[in-house]
Amino acid sequence: MSEQEQPQQPQDENHIIATRREKLEKLRAAGNAYPNTFRRDTLADHLQGVYSSHTAEELEGVTDTFRVAGRLMAKRVMGKASFGTLQDMSGRIQIFVQQAALGEELYAQFKSSDVGDIFGATGTIMKTKTGELSIRVTALELLTKGIRPLPEKWAGLTDTEVRYRQRYLDLIVNPEVKKVFEKRGQSVRFIRNFLDSLGYSEVETPMMQQIPGGATAKPFITHHNALDRDLYLRIAPELYLKRLVVGGFEKVYEINRNFRNEGLSTRHNPEFTMLEFYQAYADYRELMDLIENMLRDLALAVNGSAQLTYQGREYDLEKPFNRWSMRDAVKQFNPTIDASRINEREYLAEFAKSLRCDVKPSYGSGKLLTEIFEKTVEANLLDPTFITEYPTEVSPLARRSDTDPDVTDRFEFFVGGREVANGFSELNDPDDQAARFKSQVTAKEGGDDEAMFFDADYIRALEYGLPPTAGAGIGIDRLVMFLTDSPSIRDVLLFPQMRPEV
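Keep in mind the model is a prediction, meaning the values are calculated, not measured.

Regarding the sheet that holds strand 8 (residues 221-224)
- Read across the open sheet, the three strands follow the order 7-9-8; overall the sheet is antiparallel. The sheet is open, and its two borders are formed by strand 7 (208-209) and strand 8, each paired with just one other strand.
- Summarising the sheet, strand 8 and strand 9 (residues 229-233) pair through four bridges and their orientation is antiparallel. Bridge pairing in strand 9 links His-224 to Arg-229.

Structure representation (C-alpha coordinates):
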(Lines give C-alpha, C1' and ligand atoms only; values in the text may rest on other atoms or scores of the structure.)
Protein backbone atom coordinates (compact mmCIF):
# COMPACT_ATOMS: atom_id res chain seq x y z
CA MET A 1 0.00 0.00 0.00
CA SER A 2 1.46 3.39 -0.97
CA GLU A 3 1.66 6.29 1.41
CA GLN A 4 -1.20 8.08 -0.37
CA GLU A 5 -3.74 5.33 0.08
CA GLN A 6 -6.12 4.79 2.93
CA PRO A 7 -8.72 2.07 2.40
CA GLN A 8 -12.22 3.03 3.46
CA GLN A 9 -15.15 0.77 4.13
CA PRO A 10 -18.32 1.64 2.20
CA GLN A 11 -20.71 3.64 4.34
CA ASP A 12 -24.16 5.09 3.93
CA GLU A 13 -23.74 8.50 2.26
CA ASN A 14 -26.32 10.18 4.47
CA HIS A 15 -24.44 8.99 7.54
CA ILE A 16 -21.15 10.29 6.13
CA ILE A 17 -22.69 13.70 5.37
CA ALA A 18 -24.20 13.90 8.86
CA THR A 19 -20.83 13.08 10.44
CA ARG A 20 -19.05 15.68 8.34
CA ARG A 21 -21.64 18.31 9.21
CA GLU A 22 -20.97 17.65 12.88
CA LYS A 23 -17.30 18.37 12.23
CA LEU A 24 -18.25 21.55 10.36
CA GLU A 25 -20.35 22.77 13.28
CA LYS A 26 -17.37 22.30 15.60
CA LEU A 27 -15.29 24.38 13.20
CA ARG A 28 -17.95 27.10 13.17
CA ALA A 29 -18.03 27.11 16.95
CA ALA A 30 -14.24 27.49 17.08
CA GLY A 31 -14.20 30.48 14.71
CA ASN A 32 -14.24 31.08 10.96
CA ALA A 33 -14.96 27.74 9.28
CA TYR A 34 -14.13 29.11 5.83
CA PRO A 35 -10.96 31.22 6.17
CA ASN A 36 -9.52 33.07 3.18
CA THR A 37 -6.17 34.32 4.40
CA PHE A 38 -3.85 31.49 3.28
CA ARG A 39 -1.88 32.27 0.12
CA ARG A 40 0.11 29.59 -1.68
CA ASP A 41 3.32 30.43 -3.48
CA THR A 42 3.95 27.28 -5.52
CA LEU A 43 2.13 24.54 -7.42
CA ALA A 44 2.54 20.80 -7.31
CA ASP A 45 3.86 20.43 -10.84
CA HIS A 46 6.55 23.05 -10.19
CA LEU A 47 7.81 21.12 -7.19
CA GLN A 48 7.68 17.84 -9.10
CA GLY A 49 9.51 19.36 -12.06
CA VAL A 50 12.28 20.97 -10.03
CA TYR A 51 12.87 18.44 -7.26
CA SER A 52 11.65 14.99 -8.31
CA SER A 53 15.09 14.06 -9.66
CA HIS A 54 16.87 15.05 -6.43
CA THR A 55 17.93 12.46 -3.90
CA ALA A 56 16.75 12.57 -0.29
CA GLU A 57 20.23 13.65 0.77
CA GLU A 58 20.30 16.50 -1.76
CA LEU A 59 16.92 17.74 -0.56
CA GLU A 60 18.19 17.94 3.00
CA GLY A 61 20.25 20.90 1.86
CA VAL A 62 17.21 22.74 0.43
CA THR A 63 16.07 25.15 3.15
CA ASP A 64 13.38 26.99 1.15
CA THR A 65 9.86 26.98 2.58
CA PHE A 66 6.91 26.34 0.25
CA ARG A 67 3.22 27.10 0.64
CA VAL A 68 0.93 24.70 -1.22
CA ALA A 69 -2.84 24.32 -1.21
CA GLY A 70 -5.29 21.84 -2.64
CA ARG A 71 -7.89 19.18 -2.07
CA LEU A 72 -7.01 16.20 0.11
CA MET A 73 -7.33 13.21 -2.20
CA ALA A 74 -5.89 10.51 0.06
CA LYS A 75 -4.73 10.14 3.65
CA ARG A 76 -2.76 7.61 5.65
CA VAL A 77 -2.60 7.96 9.43
CA MET A 78 0.23 6.27 11.34
CA GLY A 79 0.10 7.29 14.99
CA LYS A 80 1.98 10.54 15.45
CA ALA A 81 2.87 10.90 11.76
CA SER A 82 0.59 10.87 8.73
CA PHE A 83 0.69 11.30 4.99
CA GLY A 84 -1.78 13.04 2.71
CA THR A 85 -2.00 13.90 -0.97
CA LEU A 86 -3.05 17.39 -2.04
CA GLN A 87 -4.37 18.01 -5.56
CA ASP A 88 -4.19 21.49 -7.04
CA MET A 89 -4.77 22.87 -10.53
CA SER A 90 -1.45 21.49 -11.75
CA GLY A 91 -1.26 18.04 -10.19
CA ARG A 92 -0.54 16.35 -6.87
CA ILE A 93 2.00 16.60 -4.07
CA GLN A 94 2.31 14.50 -0.94
CA ILE A 95 2.41 16.12 2.52
CA PHE A 96 4.10 14.63 5.58
CA VAL A 97 2.33 15.70 8.76
CA GLN A 98 3.82 15.15 12.24
CA GLN A 99 2.36 15.82 15.67
CA ALA A 100 5.75 17.06 16.85
CA ALA A 101 5.74 19.82 14.22
CA LEU A 102 2.08 20.88 14.49
CA GLY A 103 1.17 20.24 18.08
CA GLU A 104 -1.52 17.90 19.38
CA GLU A 105 -4.53 20.08 18.51
CA LEU A 106 -3.69 20.74 14.86
CA TYR A 107 -2.47 17.21 14.33
CA ALA A 108 -5.70 15.83 15.80
CA GLN A 109 -7.63 18.06 13.39
CA PHE A 110 -5.73 16.59 10.43
CA LYS A 111 -6.29 13.04 11.70
CA SER A 112 -10.03 13.69 11.83
CA SER A 113 -10.10 15.38 8.43
CA ASP A 114 -11.75 13.74 5.44
CA VAL A 115 -10.76 13.05 1.87
CA GLY A 116 -12.21 15.98 -0.06
CA ASP A 117 -11.27 18.65 2.49
CA ILE A 118 -9.19 21.56 1.20
CA PHE A 119 -5.96 22.46 3.04
CA GLY A 120 -3.18 24.99 2.92
CA ALA A 121 0.19 23.60 3.97
CA THR A 122 3.56 25.22 4.62
CA GLY A 123 6.83 23.32 4.84
CA THR A 124 10.11 22.21 3.34
CA ILE A 125 10.75 19.73 0.55
CA MET A 126 11.82 16.15 1.27
CA LYS A 127 11.68 12.58 0.03
CA THR A 128 10.38 9.61 1.98
CA LYS A 129 12.10 6.25 2.29
CA THR A 130 10.10 5.04 -0.71
CA GLY A 131 11.27 8.01 -2.79
CA GLU A 132 8.02 10.00 -2.75
CA LEU A 133 8.54 13.76 -3.07
CA SER A 134 6.76 15.40 -0.13
CA ILE A 135 6.27 18.59 1.84
CA ARG A 136 7.38 18.23 5.47
CA VAL A 137 4.59 20.30 6.99
CA THR A 138 5.41 22.98 9.56
CA ALA A 139 2.01 24.73 9.40
CA LEU A 140 -1.38 23.43 8.26
CA GLU A 141 -4.76 25.13 7.81
CA LEU A 142 -8.12 23.64 6.93
CA LEU A 143 -9.59 26.03 4.35
CA THR A 144 -12.80 24.28 3.27
CA LYS A 145 -14.64 21.36 4.80
CA GLY A 146 -15.86 18.82 2.23
CA ILE A 147 -19.36 17.81 3.29
CA ARG A 148 -20.15 15.30 0.56
CA PRO A 149 -17.82 12.30 0.15
CA LEU A 150 -15.88 11.75 -3.05
CA PRO A 151 -16.51 8.48 -4.91
CA GLU A 152 -14.74 5.46 -3.45
CA LYS A 153 -11.15 5.24 -4.68
CA TRP A 154 -11.51 1.76 -6.08
CA ALA A 155 -14.83 2.28 -7.89
CA GLY A 156 -14.07 5.79 -9.12
CA LEU A 157 -16.61 7.89 -11.01
CA THR A 158 -17.58 5.88 -14.08
CA ASP A 159 -21.31 6.61 -14.44
CA THR A 160 -21.43 8.86 -17.51
CA GLU A 161 -24.72 10.47 -16.50
CA VAL A 162 -23.24 11.53 -13.15
CA ARG A 163 -20.03 12.66 -14.82
CA TYR A 164 -21.89 14.97 -17.21
CA ARG A 165 -24.36 16.30 -14.62
CA GLN A 166 -21.73 16.84 -11.94
CA ARG A 167 -18.78 17.94 -14.02
CA TYR A 168 -17.16 19.50 -10.95
CA LEU A 169 -16.99 16.03 -9.38
CA ASP A 170 -15.78 14.48 -12.63
CA LEU A 171 -12.91 16.98 -12.77
CA ILE A 172 -11.92 16.27 -9.18
CA VAL A 173 -11.66 12.50 -9.43
CA ASN A 174 -10.83 11.99 -13.13
CA PRO A 175 -7.75 14.14 -13.85
CA GLU A 176 -7.63 13.06 -17.51
CA VAL A 177 -10.92 14.89 -18.12
CA LYS A 178 -9.25 18.23 -17.44
CA LYS A 179 -6.75 17.52 -20.22
CA VAL A 180 -9.59 17.34 -22.76
CA PHE A 181 -10.75 20.81 -21.85
CA GLU A 182 -7.22 22.16 -21.76
CA LYS A 183 -6.84 20.93 -25.36
CA ARG A 184 -10.12 22.59 -26.20
CA GLY A 185 -8.78 25.91 -24.92
CA GLN A 186 -5.52 25.40 -26.81
CA SER A 187 -7.46 24.66 -30.00
CA VAL A 188 -9.52 27.85 -29.78
CA ARG A 189 -6.40 29.93 -29.07
CA PHE A 190 -4.60 28.36 -32.02
CA ILE A 191 -7.50 29.06 -34.39
CA ARG A 192 -7.72 32.64 -33.22
CA ASN A 193 -3.98 33.19 -33.67
CA PHE A 194 -4.01 31.44 -37.06
CA LEU A 195 -6.71 33.72 -38.45
CA ASP A 196 -5.24 36.83 -36.82
CA SER A 197 -1.94 36.07 -38.56
CA LEU A 198 -3.75 36.07 -41.90
CA GLY A 199 -5.21 39.52 -41.31
CA TYR A 200 -8.69 38.53 -40.15
CA SER A 201 -10.57 40.74 -37.68
CA GLU A 202 -12.43 39.16 -34.76
CA VAL A 203 -15.89 40.59 -34.06
CA GLU A 204 -19.03 39.91 -32.02
CA THR A 205 -22.56 39.79 -33.42
CA PRO A 206 -25.94 39.58 -31.66
CA MET A 207 -27.03 36.41 -29.90
CA MET A 208 -30.62 37.65 -29.69
CA GLN A 209 -32.00 38.40 -33.12
CA GLN A 210 -35.26 39.72 -34.50
CA ILE A 211 -34.96 37.35 -37.46
CA PRO A 212 -32.93 34.14 -37.10
CA GLY A 213 -30.89 33.30 -40.17
CA GLY A 214 -27.71 31.82 -41.55
CA ALA A 215 -28.75 28.17 -41.26
CA THR A 216 -31.69 25.86 -41.74
CA ALA A 217 -32.54 25.10 -38.12
CA LYS A 218 -35.37 25.50 -35.63
CA PRO A 219 -34.63 28.43 -33.30
CA PHE A 220 -35.29 28.95 -29.61
CA ILE A 221 -37.79 31.74 -28.97
CA THR A 222 -37.63 34.23 -26.09
CA HIS A 223 -39.58 37.39 -25.32
CA HIS A 224 -38.37 40.95 -24.77
CA ASN A 225 -40.72 42.64 -22.32
CA ALA A 226 -39.79 46.26 -23.06
CA LEU A 227 -40.27 45.80 -26.80
CA ASP A 228 -43.15 43.37 -26.25
CA ARG A 229 -41.94 41.17 -29.04
CA ASP A 230 -40.45 37.74 -29.53
CA LEU A 231 -36.74 37.40 -30.21
CA TYR A 232 -34.75 34.39 -31.34
CA LEU A 233 -31.53 32.95 -30.00
CA ARG A 234 -28.89 32.90 -32.73
CA ILE A 235 -28.76 29.80 -34.91
CA ALA A 236 -25.77 31.23 -36.83
CA PRO A 237 -23.96 34.58 -37.12
CA GLU A 238 -23.66 34.32 -40.91
CA LEU A 239 -25.94 37.09 -42.10
CA TYR A 240 -24.48 39.59 -39.63
CA LEU A 241 -20.92 38.72 -40.57
CA LYS A 242 -21.69 39.18 -44.26
CA ARG A 243 -23.26 42.55 -43.47
CA LEU A 244 -19.84 43.43 -42.04
CA VAL A 245 -18.16 42.35 -45.27
CA VAL A 246 -20.51 44.73 -47.09
CA GLY A 247 -19.34 47.42 -44.67
CA GLY A 248 -15.66 46.82 -45.37
CA PHE A 249 -14.55 44.09 -42.96
CA GLU A 250 -13.10 42.07 -45.82
CA LYS A 251 -11.61 39.37 -43.57
CA VAL A 252 -13.75 38.73 -40.52
CA TYR A 253 -14.44 35.93 -38.05
CA GLU A 254 -16.34 35.13 -34.89
CA ILE A 255 -15.97 32.26 -32.43
CA ASN A 256 -19.57 32.12 -31.37
CA ARG A 257 -22.22 30.32 -29.36
CA ASN A 258 -25.19 29.11 -31.39
CA PHE A 259 -28.51 27.68 -30.25
CA ARG A 260 -30.65 25.24 -32.21
CA ASN A 261 -33.84 23.67 -30.94
CA GLU A 262 -32.94 20.11 -31.84
CA GLY A 263 -32.54 16.75 -30.16
CA LEU A 264 -29.79 15.52 -27.88
CA SER A 265 -27.31 12.92 -29.09
CA THR A 266 -23.62 12.04 -29.09
CA ARG A 267 -23.24 14.56 -31.94
CA HIS A 268 -25.77 17.25 -31.04
CA ASN A 269 -26.19 19.70 -28.19
CA PRO A 270 -28.70 22.55 -28.49
CA GLU A 271 -26.00 25.04 -27.45
CA PHE A 272 -22.70 24.71 -29.27
CA THR A 273 -19.63 26.62 -30.43
CA MET A 274 -18.83 27.52 -34.02
CA LEU A 275 -16.08 29.35 -35.82
CA GLU A 276 -17.42 31.34 -38.78
CA PHE A 277 -15.11 33.33 -41.03
CA TYR A 278 -15.51 35.25 -44.29
CA GLN A 279 -13.06 36.57 -46.84
CA ALA A 280 -13.80 38.96 -49.66
CA TYR A 281 -12.33 38.33 -53.13
CA ALA A 282 -11.99 34.59 -52.47
CA ASP A 283 -13.93 31.48 -53.44
CA TYR A 284 -14.81 28.21 -51.73
CA ARG A 285 -11.76 26.41 -53.10
CA GLU A 286 -9.43 28.83 -51.36
CA LEU A 287 -11.24 28.26 -48.06
CA MET A 288 -10.93 24.51 -48.47
CA ASP A 289 -7.17 25.02 -48.79
CA LEU A 290 -7.18 27.29 -45.74
CA ILE A 291 -9.13 24.79 -43.62
CA GLU A 292 -6.91 21.90 -44.67
CA ASN A 293 -3.77 23.81 -43.69
CA MET A 294 -5.30 25.09 -40.46
CA LEU A 295 -6.47 21.67 -39.26
CA ARG A 296 -3.13 20.08 -40.08
CA ASP A 297 -1.25 22.78 -38.16
CA LEU A 298 -3.79 22.60 -35.32
CA ALA A 299 -3.19 18.89 -34.82
CA LEU A 300 0.54 19.52 -34.71
CA ALA A 301 0.13 22.34 -32.19
CA VAL A 302 -2.28 20.52 -29.86
CA ASN A 303 -1.25 16.87 -30.20
CA GLY A 304 2.34 17.26 -31.37
CA SER A 305 1.65 15.24 -34.53
CA ALA A 306 -0.54 15.28 -37.62
CA GLN A 307 -1.04 11.54 -37.11
CA LEU A 308 -3.65 10.71 -34.50
CA THR A 309 -6.00 7.97 -33.38
CA TYR A 310 -9.75 8.43 -33.15
CA GLN A 311 -11.85 5.62 -31.70
CA GLY A 312 -9.30 2.97 -32.59
CA ARG A 313 -8.65 4.15 -36.16
CA GLU A 314 -5.49 5.87 -37.39
CA TYR A 315 -5.71 9.20 -39.22
CA ASP A 316 -2.95 11.01 -41.11
CA LEU A 317 -3.64 14.69 -41.64
CA GLU A 318 -0.37 15.09 -43.51
CA LYS A 319 -1.95 13.42 -46.54
CA PRO A 320 -3.99 15.61 -48.91
CA PHE A 321 -7.66 15.61 -47.94
CA ASN A 322 -10.11 13.86 -50.28
CA ARG A 323 -12.34 16.05 -52.47
CA TRP A 324 -15.47 14.57 -54.09
CA SER A 325 -18.64 16.03 -55.50
CA MET A 326 -21.85 14.93 -53.79
CA ARG A 327 -22.98 13.11 -56.93
CA ASP A 328 -19.71 11.17 -57.16
CA ALA A 329 -19.87 10.29 -53.46
CA VAL A 330 -23.44 8.98 -53.83
CA LYS A 331 -22.38 6.88 -56.82
CA GLN A 332 -19.37 5.57 -54.92
CA PHE A 333 -21.39 4.28 -51.96
CA ASN A 334 -24.51 3.27 -53.92
CA PRO A 335 -23.30 0.95 -56.70
CA THR A 336 -26.89 0.04 -57.67
CA ILE A 337 -27.94 3.60 -58.41
CA ASP A 338 -28.48 4.46 -62.09
CA ALA A 339 -25.96 7.25 -62.65
CA SER A 340 -27.73 8.33 -65.85
CA ARG A 341 -30.90 9.16 -63.83
CA ILE A 342 -29.26 10.80 -60.81
CA ASN A 343 -30.92 14.14 -61.62
CA GLU A 344 -34.46 12.72 -62.13
CA ARG A 345 -36.79 13.61 -59.29
CA GLU A 346 -39.13 10.59 -59.50
CA TYR A 347 -36.30 8.10 -59.83
CA LEU A 348 -34.49 9.58 -56.83
CA ALA A 349 -37.73 9.56 -54.81
CA GLU A 350 -38.18 5.83 -55.38
CA PHE A 351 -34.52 5.14 -54.66
CA ALA A 352 -34.72 7.19 -51.45
CA LYS A 353 -37.87 5.33 -50.37
CA SER A 354 -36.07 2.03 -50.88
CA LEU A 355 -33.50 3.29 -48.37
CA ARG A 356 -36.30 4.31 -45.98
CA CYS A 357 -35.41 7.98 -46.31
CA ASP A 358 -37.99 10.59 -45.44
CA VAL A 359 -39.58 11.64 -48.76
CA LYS A 360 -42.02 14.54 -48.91
CA PRO A 361 -43.93 15.78 -51.98
CA SER A 362 -42.16 19.15 -51.72
CA TYR A 363 -38.71 17.58 -52.10
CA GLY A 364 -37.01 18.25 -55.41
CA SER A 365 -34.20 16.21 -56.92
CA GLY A 366 -31.54 18.17 -55.01
CA LYS A 367 -33.14 17.58 -51.63
CA LEU A 368 -33.65 13.89 -52.44
CA LEU A 369 -30.02 13.49 -53.49
CA THR A 370 -29.01 15.09 -50.20
CA GLU A 371 -31.24 12.69 -48.24
CA ILE A 372 -29.61 9.73 -50.02
CA PHE A 373 -26.17 11.18 -49.32
CA GLU A 374 -26.89 11.63 -45.62
CA LYS A 375 -28.34 8.12 -45.36
CA THR A 376 -25.64 6.20 -47.21
CA VAL A 377 -22.47 8.28 -47.44
CA GLU A 378 -21.83 10.52 -44.42
CA ALA A 379 -21.00 7.78 -41.91
CA ASN A 380 -18.52 6.24 -44.37
CA LEU A 381 -16.47 9.43 -44.77
CA LEU A 382 -13.81 8.49 -42.26
CA ASP A 383 -10.70 10.01 -43.80
CA PRO A 384 -10.65 13.82 -44.07
CA THR A 385 -12.93 14.59 -47.01
CA PHE A 386 -14.43 17.66 -48.65
CA ILE A 387 -17.77 17.04 -50.36
CA THR A 388 -18.54 19.70 -52.98
CA GLU A 389 -21.31 20.72 -55.42
CA TYR A 390 -24.23 20.71 -53.00
CA PRO A 391 -27.64 21.10 -54.68
CA THR A 392 -28.96 24.65 -54.93
CA GLU A 393 -32.22 23.45 -53.36
CA VAL A 394 -30.52 22.79 -50.01
CA SER A 395 -28.08 25.72 -50.16
CA PRO A 396 -30.14 28.91 -49.91
CA LEU A 397 -27.17 31.17 -49.14
CA ALA A 398 -24.57 29.71 -51.50
CA ARG A 399 -23.56 30.98 -54.95
CA ARG A 400 -24.73 28.93 -57.93
CA SER A 401 -22.09 27.17 -59.97
CA ASP A 402 -21.23 28.97 -63.21
CA THR A 403 -21.32 25.66 -65.07
CA ASP A 404 -24.34 23.97 -63.45
CA PRO A 405 -27.14 26.08 -61.93
CA ASP A 406 -28.56 23.03 -60.10
CA VAL A 407 -25.56 22.96 -57.75
CA THR A 408 -23.65 25.55 -55.75
CA ASP A 409 -20.03 26.41 -55.04
CA ARG A 410 -20.33 24.80 -51.62
CA PHE A 411 -18.46 22.20 -49.59
CA GLU A 412 -18.85 20.32 -46.35
CA PHE A 413 -15.89 18.79 -44.55
CA PHE A 414 -16.15 15.35 -42.94
CA VAL A 415 -13.80 13.33 -40.78
CA GLY A 416 -14.49 10.29 -38.64
CA GLY A 417 -17.89 9.90 -40.28
CA ARG A 418 -19.29 13.25 -39.18
CA GLU A 419 -19.59 16.75 -40.58
CA VAL A 420 -17.18 19.25 -39.06
CA ALA A 421 -17.32 22.23 -41.43
CA ASN A 422 -19.55 23.85 -44.03
CA GLY A 423 -18.58 26.59 -46.46
CA PHE A 424 -19.26 28.14 -49.82
CA SER A 425 -18.80 31.00 -52.19
CA GLU A 426 -21.41 33.45 -50.98
CA LEU A 427 -24.50 34.35 -52.92
CA ASN A 428 -24.17 38.10 -53.51
CA ASP A 429 -26.94 38.58 -56.09
CA PRO A 430 -29.73 40.32 -54.08
CA ASP A 431 -32.48 39.28 -56.50
CA ASP A 432 -31.44 35.61 -56.46
CA GLN A 433 -31.16 35.74 -52.66
CA ALA A 434 -34.62 37.29 -52.33
CA ALA A 435 -36.09 34.55 -54.53
CA ARG A 436 -34.45 31.84 -52.44
CA PHE A 437 -35.69 33.45 -49.21
CA LYS A 438 -39.20 33.39 -50.68
CA SER A 439 -38.80 29.67 -51.42
CA GLN A 440 -37.76 29.17 -47.81
CA VAL A 441 -40.82 31.07 -46.60
CA THR A 442 -43.03 28.83 -48.74
CA ALA A 443 -41.37 25.78 -47.19
CA LYS A 444 -41.90 27.23 -43.69
CA GLU A 445 -45.57 27.87 -44.44
CA GLY A 446 -45.74 24.24 -45.58
CA GLY A 447 -44.62 23.04 -42.16
CA ASP A 448 -40.82 23.09 -42.34
CA ASP A 449 -39.80 24.49 -38.93
CA GLU A 450 -36.16 24.69 -40.01
CA ALA A 451 -36.73 26.79 -43.13
CA MET A 452 -35.40 30.35 -43.13
CA PHE A 453 -37.27 33.60 -42.63
CA PHE A 454 -37.27 36.39 -45.19
CA ASP A 455 -34.68 38.91 -44.03
CA ALA A 456 -35.45 42.18 -45.81
CA ASP A 457 -32.58 44.09 -44.20
CA TYR A 458 -30.09 41.51 -45.41
CA ILE A 459 -31.42 41.91 -48.95
CA ARG A 460 -31.03 45.67 -48.53
CA ALA A 461 -27.40 45.15 -47.47
CA LEU A 462 -26.77 43.03 -50.58
CA GLU A 463 -28.25 45.78 -52.71
CA TYR A 464 -25.43 48.06 -51.52
CA GLY A 465 -23.03 45.42 -52.85
CA LEU A 466 -21.35 42.39 -51.30
CA PRO A 467 -18.00 41.79 -53.01
CA PRO A 468 -17.23 38.27 -54.25
CA THR A 469 -16.83 36.46 -50.93
CA ALA A 470 -16.32 32.99 -49.48
CA GLY A 471 -17.21 31.91 -45.97
CA ALA A 472 -17.12 28.83 -43.78
CA GLY A 473 -18.20 27.55 -40.40
CA ILE A 474 -16.38 24.93 -38.32
CA GLY A 475 -17.97 23.10 -35.40
CA ILE A 476 -15.51 23.55 -32.55
CA ASP A 477 -17.11 20.84 -30.41
CA ARG A 478 -16.90 18.14 -33.09
CA LEU A 479 -13.38 19.21 -34.00
CA VAL A 480 -12.28 18.87 -30.36
CA MET A 481 -13.96 15.45 -30.21
CA PHE A 482 -11.70 14.34 -33.04
CA LEU A 483 -8.54 15.86 -31.56
CA THR A 484 -9.13 14.34 -28.10
CA ASP A 485 -10.48 10.92 -29.15
CA SER A 486 -13.81 11.68 -27.46
CA PRO A 487 -16.79 9.55 -28.60
CA SER A 488 -19.54 11.98 -27.50
CA ILE A 489 -20.02 15.72 -27.79
CA ARG A 490 -20.82 15.68 -24.08
CA ASP A 491 -17.21 14.69 -23.42
CA VAL A 492 -16.00 18.04 -24.77
CA LEU A 493 -18.68 20.28 -23.23
CA LEU A 494 -18.10 21.20 -19.61
CA PHE A 495 -21.83 21.41 -18.94
CA PRO A 496 -23.77 19.60 -21.68
CA GLN A 497 -27.54 19.85 -21.85
CA MET A 498 -29.10 16.85 -20.10
CA ARG A 499 -32.57 15.46 -19.76
CA PRO A 500 -34.19 16.17 -16.37
CA GLU A 501 -33.09 13.94 -13.51
CA VAL A 502 -35.63 11.27 -12.69
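Considering the nonpolar core
- Counting residues in each nonpolar core, the largest one holds 48 residues, and the members touching the most others are Leu-195, Leu-275, Phe-277, Ile-291 and Ile-474.
- The biggest single contributor to this core is helix 10 (residues 284-303), with ten residues.
- Leave out the neighbours within four places in its chain, and Ile-474 touches Thr-273, Met-274, Leu-275, Phe-277, Ile-291, Met-294, Val-420, Ala-421 and Leu-479.
- With 28 residues, the next largest nonpolar core counts Leu-47, Leu-72, Ile-93 and Leu-142 among its residues.

Focus on empty space enclosed by the protein
- Tallying each qualifying case throughout the model produces one cavity of 30 Å³ or more.
- Of the pockets and cavities examined, the largest cavity occupies roughly 40 Å³.
- Along the walls of the largest cavity sit Leu-295, Leu-317, Phe-413, Val-415, Leu-479, Phe-482 and Leu-483, which together make up its complete lining.
- Top element by residues in the lining of the largest cavity is helix 16 (residues 476-483). It accounts for three residues.

Focus on the sheet that holds strand 1 (residues 65-78)
- The strand order 1-2-3-5-4 describes a closed barrel built from five strands, whose pairing is mixed. Across the sheet, the mean angle separating the axes of adjacent strands is 55 degrees when strand polarity is ignored.
- As defined by bridge partners, strand 2 (residues 81-87) adjoins strand 3 (residues 92-98) across seven bridges and the pair is classed as antiparallel. When the bridges of strand 3 are listed, Gln-87 appears paired with Arg-92.
- Packing of helix 2 (residues 44-51) onto the sheet brings it into contact with strand 1, strand 3, strand 4 (118-127) and strand 5 (133-144), and relative to strand 3 it is tilted by some 90 degrees.

A closer look at the UniProt feature "binding site: Mg(2+) 1" (unreviewed entry) in the protein
- The UniProt record annotates "binding site: Mg(2+) 1" (unreviewed entry) at Glu-412 and Glu-419.
- Examined against the element boundaries, Glu-412 turns out to sit in strand 16 (residues 410-415).
- When its relative accessible area of 7% is taken as the criterion, Glu-412 is described as buried.
- In this structure Glu-412 touches Thr-385, Phe-386, Ile-387, Tyr-390, Glu-419, Ala-421 and Asn-422, once residues within four positions along its chain are discounted.
- Examined against the element boundaries, Glu-419 turns out to sit in strand 17 (residues 418-425).

Regarding the pattern of salt bridges
- Applying the stated criterion to the full structure yields 33 salt bridges.
- The residue Arg-400 makes a salt bridge to Asp-432 at a minimum N-O spacing of 3.3 Å. Note that Arg-400 is positioned in the loop between strand 15 (385-388) and strand 16 and Asp-432 in helix 14 (residues 430-445), a separation of 32 residues in sequence.
- Residue Asp-432 is classed as buried on the basis of its relative accessible area of 15%.

With respect to unusual backbone geometry
- In this structure, Tyr-281 is a non-glycine residue whose phi angle is positive, near 60 degrees.
- Looking at the element boundaries, Tyr-281 is found in the loop between strand 11 (271-280) and helix 10.

Comments concerning the domain arrangement of the protein
- You can read the domains of the protein as domain 1 (12-150) and domain 2 (173-321 + 383-491).
- For domain 1 and domain 2, the distance between their C-alpha centres works out to 48 Å.

Description of the pairing of strand 9
- Relative to strand 9, strand 7 runs antiparallel, the two being bridged by two bridges. Each residue of the ladder has a partner; that of Met-208, found in strand 9, is Leu-233.

Some details on the environment of Ala-74
- Locating Ala-74 in the fold gives a position in strand 1.
- Distance in space between the C-alpha atoms of Ala-74 and Phe-437 is 62 Å, their sequence separation being 363 residues.

Examining the pairing of strand 3
- In terms of residue burial, strand 3 counts as a mostly covered element, since five of its seven residues are buried.
- Count of turn residues in the strand 2/strand 3 antiparallel hairpin: four residues, of which Gly-91 carries a positive phi of about 160 degrees.
- Across three bridges, the pairing between strand 3 and strand 5 is parallel. Looking across to strand 5, one finds that Gln-94 is bridged to Ser-134.

Some thoughts on the UniProt feature "domain: Aminoacyl-transfer RNA synthetases class-II family profile" (unreviewed entry) in the protein
- UniProt feature "domain: Aminoacyl-transfer RNA synthetases class-II family profile" (unreviewed entry): in the numbering of this structure it lies at residues 189-500.
- Across residues 189-500, the secondary structure splits into 33% helix and 22% strand, with the terminal C-alpha atoms separated by 34 Å.

Description of the confidence of the model for the protein
- For the protein, per-residue confidence averages 94 on the pLDDT scale, and residues scoring 70 or more make up 97% of the total.
- pLDDT under 50 marks residues 1-9. Its contacts with residues more than four places away, or in other chains, come to 24 contacts.

Quick notes on the rules
Residues numbered from 1 in each chain as written. Predicted model: local features only at pLDDT ≥ 70, side-chain atom pairs only at ≥ 80, totals over all residues. Heavy atoms only, no water. Pairing = 2+ DSSP bridges. Helix = DSSP H or I, 4+ residues; strand = E, 2+ residues; numbered from the N terminus. Core = buried A, V, L, I, M, F, W, Y, C linked by side-chain atoms within 4.5 Å. Buried < 20%, exposed > 50% of the residue type's maximum accessible area, 1.4 Å probe, protein only. Contact = heavy atoms within 4.5 Å. 1 Å grid on protein atoms, 1.4 Å probe; cavity = no way out; pocket = protein on both sides within 12 Å on 5 of 7 lines; lining within 4 Å. Points joined across faces, edges and corners; volume = space filled by probe spheres on them. Axes fitted to C-alpha atoms, helices over the stretch in contact; angles between N-to-C directions. UniProt positions renumbered as here; feature names shortened; annotations may be inferred. Salt bridge = Lys/Arg side-chain N within 4 Å of Asp/Glu carboxyl O. Domains from an automatic or database assignment. pLDDT = per-residue confidence, 0-100.

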